[in-house]
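Single-letter residue listing:
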Amino acid sequence: MLLIIIFAYILFFLAPPITGLVLSIVGMRKHRSSINITGLVLNIVALSLQIIRIFMIIFIYGGI
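Residues numbered from 1 in each chain as written. Predicted model: local features only at pLDDT ≥ 70, side-chain atom pairs only at ≥ 80, totals over all residues. Heavy atoms only, no water.

**Notes on the overall build of the chain**
Here is step 1 of the chain: When its secondary structure is counted, the chain shows two helices and zero strands.
Here is step 2 of the chain: Its C-alpha atoms give the chain a radius of gyration of 15 Å, clearly above 11 Å, the size a compact globule of 64 residues would have. (Helix = DSSP H or I, 4+ residues; strand = E, 2+ residues; numbered from the N terminus. Rg over C-alpha atoms; globule rule 2.2 N^0.38 Å.)

**What to know about helix α1 (residues 2-30)**
Here is step 1 of the chain: Across its 29 residues, α1 extends 41 Å between first and last C-alpha, which sits within 8% of the 42 Å expected from 1.5 Å per residue.
Here is step 2 of the chain: L14 marks where α1 bends most, by close to 50°; the proline P16 follows one to four residues later.
Here is step 3 of the chain: Three or more residues of α1 are buried, namely I6, Y9, L14, P17, G20, L21, S24, G27 and M28.
Here is step 4 of the chain: In this fold, the buried residues of α1 make contact with α2 (34-61). (Expected span 1.5 Å × (residues − 1). Bend = angle between axes of the 7 residues up to and from the residue. Buried < 20%, exposed > 50% of the residue type's maximum accessible area, 1.4 Å probe, protein only. Contact = heavy atoms within 4.5 Å.)

**So, the packing of aromatic side chains**
Here is step 1 of the chain: For the structure on display, the rule yields one aromatic pair.
Here is step 2 of the chain: Their ring planes at 25° and their centres at 6.4 Å tell us that F55 and F59 sit as a pair that is stacked. Here F59 and F55 lie together in helix α2, a separation of four residues that amounts to about one turn. (Phe/Tyr/Trp six-rings, centres within 6.5 Å; stacked < 30°, edge-to-face > 60°.)

Laid out in structure tokens, this is it:
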């Protein structure tokens, strides 16, 4: 059951930062601007926060 919840969480909450990260990297290859760099940093921060949140959920509710 926990694996299904983690998969759904990844699908719905991690997909936007990962997609934004990929698009920022593609944009950086074509044209490096401050907007692309800012988007890249913000997507990395959003992705990091979501990953930390997943580990907190696993440790608190998973009983590890």
